[in-house]
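A closer look at the structure
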Amino acid sequence: MMSGCTGDVKLTGESMEEIYDRAKEVKAFDDTKSGVKGLVDAGVLKIPRFFIHPPDVDQNLNNTANTAHLIIPVIDLENMENDENRYKQIVDEVRRASETWGFFQLVNHGIPINVLEEMVEGVRRFHEQDTEVKKQYYSRDFSRNRVRFGGTLDLLVPRPANWKDTFSYSTAPNPLPPEELPDVCREILMDYTKHVSILGDTIFKLVSEALGLKPDHLKEMGCTKAGSIACHYYPGCPEPDLALGVERHSDASFLTILLRDHITGGGLQIRHQHQWVDVNPIKGALLVNIGDFLQLISNNKFKSVEHRVLAKRIGPRISVVYFFSKRADTSAKRYGPIKEFYDRAKEVKAFDDTKSGVKGLVDAGVVKIPRFFIRPPNERSTNSNNTHLKIPVIDLENIDKDVNRYKEIVDEVRQASETWGMFQLVNHGIPINVLEEMIEGVRRFHEQDSEVKKQYYTRDFSRNKVRFSSNLDLFISRPANWKDTFSYSPAPNPPKPEDLPDVCRDITLEYTEHVMNLGDTLIELLSEALGLKPDYLKDMDCTKFLTHTSHYYPACPEPELTLGTSKHSDPTFFTLLLQDEIGGLQFHHQGHWVDIKPIPGALIVNIGDLLQLMSNEKLKSVEHRVLANRVGPRVSVACFFSTSFDTSTRLYGPIKELLSEDNPPKYRDITLKDYTDHFNAKGLDGVHALNYFKL
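Conventions we followed
- Residues numbered from 1 in each chain as written.
- Predicted model: local features only at pLDDT ≥ 70, side-chain atom pairs only at ≥ 80, totals over all residues.
- Heavy atoms only, no water.
- UniProt positions renumbered as here; feature names shortened; annotations may be inferred.
- Helix = DSSP H or I, 4+ residues; strand = E, 2+ residues; numbered from the N terminus.
- Contact = heavy atoms within 4.5 Å.
- Areas by Shrake-Rupley, 256 points an atom, 1.4 Å probe, with all protein chains shown as cover.
- Pairing = 2+ DSSP bridges.
- Axes fitted to C-alpha atoms, helices over the stretch in contact; angles between N-to-C directions.
- Polar contact = N/O pair within 3.5 Å; in protein donor to acceptor, adjacent residues only side chain to side chain.
- Phe/Tyr/Trp six-rings, centres within 6.5 Å; stacked < 30°, edge-to-face > 60°.
- Buried < 20%, exposed > 50% of the residue type's maximum accessible area, 1.4 Å probe, protein only.
- Salt bridge = Lys/Arg side-chain N within 4 Å of Asp/Glu carboxyl O.
- Core = buried A, V, L, I, M, F, W, Y, C linked by side-chain atoms within 4.5 Å.
- Parallel < 35°, antiparallel > 145°, perpendicular 65-115°, else oblique.
- Nonpolar A, V, L, I, M, F, W, Y, C, P; charged D, E, K, R; others polar.
- pLDDT = per-residue confidence, 0-100.

As recorded by an unreviewed UniProt entry, the protein chain carries the name Oxoglutarate/iron-dependent dioxygenase and is attributed to Macleaya cordata. Recorded in UniProt under Sequence similarities (unreviewed entry), the annotation for the protein chain is "Belongs to the iron/ascorbate-dependent oxidoreductase family."

As structure tokens, then:
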């Protein structure tokens, strides 16, 4: 019986190498030709040392953050051939899944459930047959096509081995004679391979069209020419916390189709948004993932995502992997980004180099918006038909003179923040002429001579200055927003007045002073709305840092194809927004997009992500967006209240006074830099940034 090294003696790296002979232990294991199942059959209670992953690699192997809310897309192929509109929808679903996840599950794919189940059972029969019969297939010779049975492919390479056994062979372009396939699963291997090859042709057609290419483009490139099948068997592991079924990797293929059993609770995980996400089995479904070569030829449009398989005490787990790839041994064909493929990076750079923003396009007379602004159909604007839904309007008149009215306002703020996450303020103390002049000041900045404006154009956000740009995340591969912006940080370290643009300097300074005073009032109301003392949130520096952002949304010739601002929530404690009379702002409420109609003289307040985190979801950070419009320009001024994220080491998490046994913390404690780094890295991708920090 083989076992791992035991004992409590701690050794240095050098002394460990002297004592532990990995090559000898691996050779002894390999010589048995019985694989991992042989270890389990022998009754090992401690896994051999060469299977153990060091503690600094993929720590907490069997523990992940709470990612139950993250579910990879499921695409239903039913009626695909009979319904042209459904076919187009499926192409779009494949595109979105391949761009965002790199993985998707297929249902109603055409392979009968009995074929899938028999394929799984065939793999089980092979691995559980008499060891002496199975040994005839054991091999580390990969120089010719044959059925090969073995453990980890790179077992002899000095790194931790995987807790699995595999048999594999190449299915195309030169299939094995049937008699060379194992008796116990010969018929089902041939039947399943036939079905998967047909399905592969369908998937590659969908993927081609999802890339904007003709249906046969990828097939004509030879992407389906070579195929291989790998049948994995993951025995139950006595120490699953020390090993992996398969270490993290991406696939060296164009595309992979995976069949899994659905009995043993999964084990497959993918890397998404810097976290490991479980891919739960769906009975009858097949899993498709983009491979490295498809990421390469799509020029990173489609993502080849890292994934792994956990070791489990329960077993065996069974999976069947079909790889569509190129012939590595004979093909001299070179692969690179497809020439016909749209070069987004080139077009974006050309736009950015003008330093004229979206307004520059409009001034140039464009009648068709550039392709990098165009959104997929599911993300495009829709007119709200929920006119009965209106966010609360809170009147601050007499707030300082009437104690009872003050208490009423606190309650109104609480109700609005809990239920809506947004409310409008009237009689807030900022004179109407200041609001109107602030709107005009923003308009003057964006409509001044282009050469004057260009001096402020920058993508350097590392220091405080007036910054003019179009789209903070412009160079991230997703549709851009139809707007231009100038911004700066007036607190805690304001720029010199002379650094502000001449055309709006005075009003910007005056408006900012009013906003900071109103911000102090609002943070007190929000503190009391949470049942805390008035200065609680201010003492936590929730209004210490202010960013003033002025947006200009030019009229759009094709507003139905794009958005002014993508769906997002704000990376702040709270935001104070001034908008002109044109409208276009919508927020998401009860599954609907709801218009926020401008009220003359009103300001909009919305709860930010950080206040949702601190309130442990008592207050809601609501998703919102701005529609593009044929009428314009639309002007808005957003003031974001936060704290300094670049130097502060202060931790923010659910406020202890709000927690109880019935209301445990839902988020981990984080620094503002943790949050901001994540928010900026992901950009405005429509995914709530807070999800990453949930417990």
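Counting secondary structure elements, the protein chain contains 18 helices and 24 strands. Excluding contacts between residues fewer than 6 apart, the proportion of contacts in the protein chain whose partners are at least 24 apart in sequence is 79%. Carbon and sulfur atoms form 50% of the exposed surface of the protein chain, whose accessible area is close to 31,400 Å².

We now examine the sheet that holds strand β15 (residues 467–469). Strand order in the open sheet formed by 8 strands is β13-β14-β22-β19-β24-β17-β16-β15, with mixed pairing between adjacent strands. Looking at the sheet topology across the chains shown, the edges are occupied by β13 (393–395) and β15. Put simply, the sheet's adjacent strands are angled 25 degrees from each other on average, direction ignored. Pairing of strand β19 (residues 574–579) with strand β24 (residues 634–642), which is carried by 6 bridges, proceeds in the antiparallel orientation. The residue bridging L576 from the neighbouring strand is C639, located in β24. Where helix α12 (residues 403–419) meets the sheet, its contacts fall on β13, β14 (422–426) and β22 (603–607), and the angle it forms with β13 comes to roughly 160 degrees. The strands touched by helix α13 (residues 432–447) within the sheet are β15, β16 (484–491), β17 (545–553), β19, β22 and β24, with β17 carrying the most contacts at an inclination of about 65 degrees.

Further remarks concern the environment of R186. With respect to the helices and strands, the residue R186 is situated in helix α7 (residues 186–210). It is 8.3 Å that separates the C-alpha atoms of R186 and G122, two residues lying 64 residues apart in sequence. The contact partners of R186, leaving out residues within four places of it in the chain, are P178, E179 and L181. A polar atom in the side chain of R186 sits 2.9 Å from the backbone oxygen of P178.

In this section: the packing of aromatic side chains. Under the criterion given, the structure shown has 22 aromatic pairs. Measuring from centroid to centroid gives 5.6 Å for F204 and F324, while their planes differ by 75 degrees, and the two rings are edge-to-face. Note that F204 is positioned in helix α7 and F324 in strand β12 (residues 317–325), a separation of 120 residues in sequence. In terms of burial, F204 and F324 fall into one category: buried. With a centroid separation of 5.4 Å and 45 degrees between ring planes, the pair formed by F254 and F293 is classed as tilted.

A separate point is the pattern of salt bridges. Under the counting rule described, the total for this entry stands at 37 salt bridges. Salt bridges sharing common partners tie together D92, R95, R96, E99 and K301.

Take the sheet that holds strand β21 (residues 592–595) next. An order of β18-β23-β20-β21 is seen for the 4 strands of this open sheet, with the pairing classed as antiparallel. Every other strand in the sheet has two partners, leaving β18 (563–568) and β21 as the edge strands with one partner each. Averaged over all pairs of adjacent strands, the angle between their axes in this sheet comes to 30 degrees, without regard to strand direction. Where strand β20 (residues 585–589) and strand β23 (residues 624–627) come together, 3 bridges link them in antiparallel fashion. Directly across from Q586, in β23, lies its bridge partner R625.

Attention now moves to the side chain of H307. With respect to the helices, strands and loops of the structure, H307 is situated in strand β11 (residues 307–310). The class of H307 is buried, set by a relative accessible area of 6%. Here the side chain of H307 touches D251 through a polar contact of 3.2 Å, side chain to side chain. If we skip the residues at most four places from it in the chain, H307 touches F103, E247, R248, H249, S250, D251, L268, Q269, I270, W276 and N289.

So, on to the side chain of S34. Relative to the helices and strands, S34 is located in the loop between α2 (22–32) and α3 (35–41). Beyond its immediate sequence surroundings of up to four residues, S34 is in contact with T131, K135, F149 and D165.

Here we take up the pairing of strand β8 (residues 268–272). With 4 of its 5 residues buried, β8 lies for the most part within the structure. With 3 bridges connecting them, β8 and β11 associate as antiparallel partners. The residue bridging I270 from the neighbouring strand is H307, located in β11. Here β8 pairs with strand β9 (residues 275–278) via 4 bridges, running antiparallel. Along β9, the bridge assignment pairs R271 with W276. Here β8 folds back onto β9, and the loop between the two strands holds 2 residues, one of which, Q273, carries a positive phi near 55 degrees.

With 70 residues, the main nonpolar core has Y511, L522, L525, L526, L537, L576 and M614 as its most contacted residues. Listed in part, the 60 residues of the second largest apolar core include F149, Y192, L199 and Y322.

Further remarks concern the packing of helix α4 (residues 84–100) against α7. The contact between α4 and α7 brings their axes to 8 Å, and the two run at 80 degrees. Our classification of the angle between α4 and α7 gives roughly perpendicular. The segment α4 lies against α7, with Y87, I90, V91, V94 and R95 engaging K205, L206, V207, E209 and A210. Partitioning the contact of α4 with α7 into residue classes produces 7 nonpolar, no polar and 3 charged.

A word on unusual backbone geometry. At the junction of G315 and P316, the peptide bond is cis and its omega measures out at 5 degrees in the coordinates. Relative to the helices and strands, P316 is located in the loop between β11 and β12. Going from G632 to P633, the amide bond is cis rather than trans, its omega being 10 degrees. Structurally, the position occupied by P633 is in the loop between β23 and β24. Despite not being glycine, N427 has its phi angle at roughly 50 degrees, a positive value. By the element assignment, N427 lies in the loop between β14 and α13.

Before going further, it helps to examine the pairing of β20. In terms of burial, β20 is a largely internal element, 4 of the 5 residues being buried. Bridge count for β20 against β21 is 4 bridges, and the pairing is antiparallel. Residue pairing for β21: Q586 is matched across the bridge by D595. If you look at the hairpin formed by β20 and β21, you'll find 2 residues sitting between the two strands, and Q590 has a positive phi there, around 55 degrees.

Turning our attention to the confidence of the model for the protein chain. When pLDDT is averaged across the protein chain, the result is 88; 89% of the residues are at 70 or more. Ignoring residues within four places in sequence, the model shows residues 1–18, a span with pLDDT below 50, making 20 contacts including any to other chains. Note on residues 56–63: pLDDT is under 50 here. Beyond four places in sequence and across chains, it has 15 contacts.

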